[in-house]
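# Coordinate analysis (summary)
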Amino acid sequence: MTAYQTGILQEVPSAARYLSFSLIAGANPVETLRRLAEQTDGQSLVVGLGRSLVLMLGAEISALTNFPVHAAAGIEVPSTPTALWCWLRAEDRGDLVHQTYQLCDLLAEAFECESVLDAFKYDGGRDLTGYEDGTENPEGDEAVNVAFVRDEGTGMDGSSFVAVQAWLHDLSLFNALTQEQQDNSIGRRKRDNEELDDAPLSAHVKRSAQEYFTPQAFLLRRSMPWSGTRGEGLQFVAFDRSFDSFEAQLKRMVGEEDGIIDALFRFTRPITGSYFWCPPMKAGQLDLSALGI
Ligand code: HEM
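Residues numbered from 1 in each chain as written. Predicted model: local features only at pLDDT ≥ 70, side-chain atom pairs only at ≥ 80, totals over all residues. Heavy atoms only, no water.

## Let's talk about the overall build of the chain
Inclusion rule: Only DSSP runs of H or I reaching four residues or more are called helices, and only runs of E reaching two or more are called strands; each is numbered from the N terminus. Remark: exposure states derive from per-residue accessible area (1.4 Å probe, protein chains only) relative to the maximum for the residue type, with buried under 20%, exposed over 50%, and partly exposed in between. Note that accessible areas follow from Shrake-Rupley with a 1.4 Å probe, and for residues the cover is restricted to the protein chains shown. Positive residues here are Lys and Arg, negative ones are Asp and Glu, while His and the chain termini are left out of the count. Charged side chains are reduced to one point each, which is NZ for Lys, CZ for Arg, CG for Asp and CD for Glu.
On a plain count of helices and strands, the chain comes out with eight helices and 14 strands. Across its three principal axes, the chain shows a C-alpha extent of roughly 55 × 40 × 35 Å. Across the 293 residues that make up the chain, the buried fraction comes to 51%. For the chain, the exposed area adds up to about 13,500 Å²; of that, 47% sits on carbon and sulfur atoms. Taking the average place of the 24 positive charges on the side chains of the chain and the average place of its 43 negative ones, the gap between the two points comes to 2 Å.

## Focus on the site of the ligand
Heads up, the rule is: Working definition: residue near molecule or strand if any one of its non-hydrogen atoms lies within 4 Å of it. Pairing of N or O atoms within 3.5 Å defines a polar contact, subject to two protein rules: one partner must be a possible hydrogen donor and the other a possible acceptor, and residues neighboring in sequence count only if both atoms are side-chain atoms. Site definitions follow a grid-based scheme: protein atoms alone, a 1 Å grid, a 1.4 Å probe that fits but cannot get out for cavities, and for pockets an open set with protein on both sides within 12 Å along at least five of seven lines, plus lining residues having an atom within 4 Å of a point. Any molecule with more than half of its atoms within 2 Å of a cavity's or pocket's grid points is regarded as sitting in that cavity or pocket.
Around the ligand, 26 residues are found, and the nearest of them are G134, E136, H204, Q210 and R221. In this structure, an oxygen atom belonging to the ligand sits 3.1 Å away from a main-chain N or O atom of T135. One nitrogen or oxygen atom from the side chain of Q210 is found 2.8 Å from an oxygen atom belonging to the ligand. When atom positions are compared with the pocket grids, the ligand is found to occupy the largest pocket. Ranked by the residues each element gives to the shell around the ligand, the list is headed by helix α8 (residues 244–253), at four residues.

## A look at helix α1 (residues 30–39)
Along an α-helix, a turn takes 3.6 residues, which lines up residues three or four apart on a common side. Test applied: By definition, the arc is the one covered by directions from the helix axis to the C-beta atoms.
All buried positions along α1 are accounted for by T32, L33, L36 and A37. What you see down the axis of α1 is that its buried residues fit within an arc of 140°, all on one side.

## Notes on the packing of aromatic side chains
Applicable threshold: The rule is short: rings of Phe, Tyr and Trp, with Trp giving its six-membered ring, pair when the centres are within 6.5 Å, and they are stacked under 30 degrees, edge-to-face over 60, tilted in between. Only lysine NZ and arginine CZ atoms are considered, and such an atom sits over a ring when it is within 6 Å of the ring centre and within 35 degrees of the ring normal.
The final tally for this structure, using the stated rule, is 16 aromatic pairs. Ring centres of W85 and F239 lie 6.5 Å apart, and the angle between their planes is 55°; this geometry places the pair in the tilted category. Of this pair, W85 sits in strand β5 (residues 84–90) while F239 is found in strand β10 (residues 231–240), placing the two residues 154 residues apart along the sequence. An aromatic cluster is defined as three or more aromatic residues linked by ring pairs; in this entry it consists of F67, F161, F236, F243, F246 and Y275. Stacked on the ring of F213, the Lys or Arg R252 has its end atom at 3.8 Å from the ring centre.

## What to know about the coordination of the iron atom of the ligand
How we decide: Only N, O and S atoms count as donors, using a 2.8 Å limit from the metal and a wider 3.2 Å limit for Na, K and Ca, and since water is excluded some coordination spheres may look unfilled.
Within the protein, just one atom coordinates the iron atom of the ligand: H204 (NE2), at a distance of 2.0 Å. Among the secondary structure elements, H204 is positioned in helix α7 (residues 204–208).

## Observations regarding a negative patch on the surface
The condition is simple: A patch consists of residues exposed above 30% relative accessible area that lack any salt bridge, with like charges linked at up to 9 Å and nonpolar side chains (Val, Leu, Ile, Met, Phe, Trp, Tyr) linked at up to 5 Å. Take a side-chain nitrogen of Lys or Arg and a carboxyl oxygen of Asp or Glu: if they are within 4 Å of each other, that pair is a salt bridge.
Together, E11, E139, D141 and E142 give the surface a local cluster of negative charge. If you trace the backbone, D141 turns up in helix α4 (residues 140–147).

## A closer look at the pairing of β10
Spelled out, the test is: Note on pairing: DSSP must find at least two bridges between two strands before they are called paired.
Within β10, nine of the 10 residues are buried, leaving the element largely enclosed by the surrounding structure. With eight bridges connecting them, strand β7 (residues 160–169) and β10 associate as antiparallel partners. Within β10, the position partnered with A166 by the bridge is Q235. Taking the residues that link successive antiparallel strands as the turn, the strand β9 (residues 224–228)-β10 hairpin has two residues.

## As for the layout of surface pockets
Let me state the cut-off plainly: Grid points are joined across faces, edges and corners, and a volume is the space filled by probe spheres set on the points. Note on residue classes: Ala, Val, Leu, Ile, Met, Phe, Trp, Tyr, Cys and Pro are nonpolar, Asp, Glu, Lys and Arg are charged, and everything else, Gly too, is polar.
In this structure, the largest pocket encloses a volume near 690 Å³. D133, H204, V205, S208 and R221 are, among the 33 residues lining the largest pocket, the residues nearest its centre. Secondary-structure elements contributing two or more residues to the lining of the largest pocket are β7, α7, β10 and α8. Element by element, the count of residues in the lining of the largest pocket is highest for α8, at four residues. In terms of residue class, the lining of the largest pocket is built from 13 nonpolar, 12 polar and eight charged.

## Some remarks on the packing of α1 against helix α3 (residues 93–107)
Note the following rule: Every axis corresponds to a line fitted to the C-alpha atoms, with the helix fit spanning only the stretch in contact, and the corresponding angles, defined between N-to-C directions, vary from 0 to 180 degrees. Any angle that falls under 35 degrees is termed roughly parallel, while one over 145 is termed roughly antiparallel, one within 65 to 115 roughly perpendicular, and all others oblique. Pairs of residues are marked as contacts when any of their non-hydrogen atoms sit within 4.5 Å.
Put simply, α1 and α3 touch, their axes get as near as 9 Å, and they point 150° apart. Comparing their axes, α3 and α1 come out roughly antiparallel. In this structure, α1 contributes T32, R35, L36 and Q39 to the contact, and α3 contributes L103, L106 and L107. Along the lines of polarity and charge, the residues of the contact of α1 with α3 split into four nonpolar, two polar and one charged.

## With respect to the side chain of R17
Locating R17 in the fold gives a position in strand β1 (residues 15–23). By relative accessible area, R17 is classed as buried at 15%. Within the structure, the side chain of R17 is placed 3.0 Å from the side chain of T100, a separation counted as a polar contact. At 2.8 Å, the side chain of R17 and the side chain of D118 are in polar contact. When sequence neighbours within four positions are dropped, the list of residues in contact with R17 reads C86, W87, L88, L96, V97, T100, V116, L117 and D118.

Don't take any of this as a statement about function, it's just geometry.
Structure follows, in structure tokens:
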């Protein structure tokens, strides 16, 4: 039976930390990755590898492409690739502090920590705007089908591709919108999460309605609110069997199909954008055999 990193399938935890690492110039990461594989349970720690790291190992994961750059009127969608991504998941923020030290020590020979983002569950699973996030997520077997690679052989089956974007909210701008404008930006009523059939075409859920893409563009979203010295927002995190659905969604959001820009951009902007491949698990640790490790 194929094993995957189970944290991907579980509900988001109360607290989390997203760490990005770059490869130290001249370092050989193989032994460090071996140690990381042994220490990763896939549940309290979910790991993803960036394209530069995979190439450094002389391997090829064909669906692991570069995060695309987009621009629309007054809007930049940046691409900020990095070698390694670690999602620490816990119920206690103190645990995350200790786990961060352990992880950075473990990786120190080959990787340098570039950024740490603190995230949390808000009000049972809402974005900081107060809207429920994840309502239309696939569940159970459907979630497994959406998120994990199958029929590609040992080492690939059970792996997943994750798109990660930190969005920085301007909550002053958002709070200045009327309730109706807010609801129309999302396309759902904040009060009861009811989908608004008559919302404008710019409403976020009209842009991203998964069944209205050809082929359908389902994602398993595991986003979490974050806050830090830069401000606050949503760490958008979406798992899939490739990046096709995410890219189709993003293009529609920035208006590349019909010129209509997602109303989310009225009050929030992506400040990072990266893609990673999340290896499967085998015998309780990461299976890096697809990379020759
Ligand atoms: C600040 C950034 C974002 C916020 C605050 C946000 C918030 C939301 C909210 C409140 C919903 C409605 C409830 C739900 O079904 O989850 C939603 C739906 C959704 N979002 Fe986002 N989102 C953001 C970015 C994105 C991005 C970048 C993508 C993909 C490129 C995306 C894809 C989706 C999808 C696929 C749905 C479900 C649509 C459906 O099938 O009805 N979101 N989002």
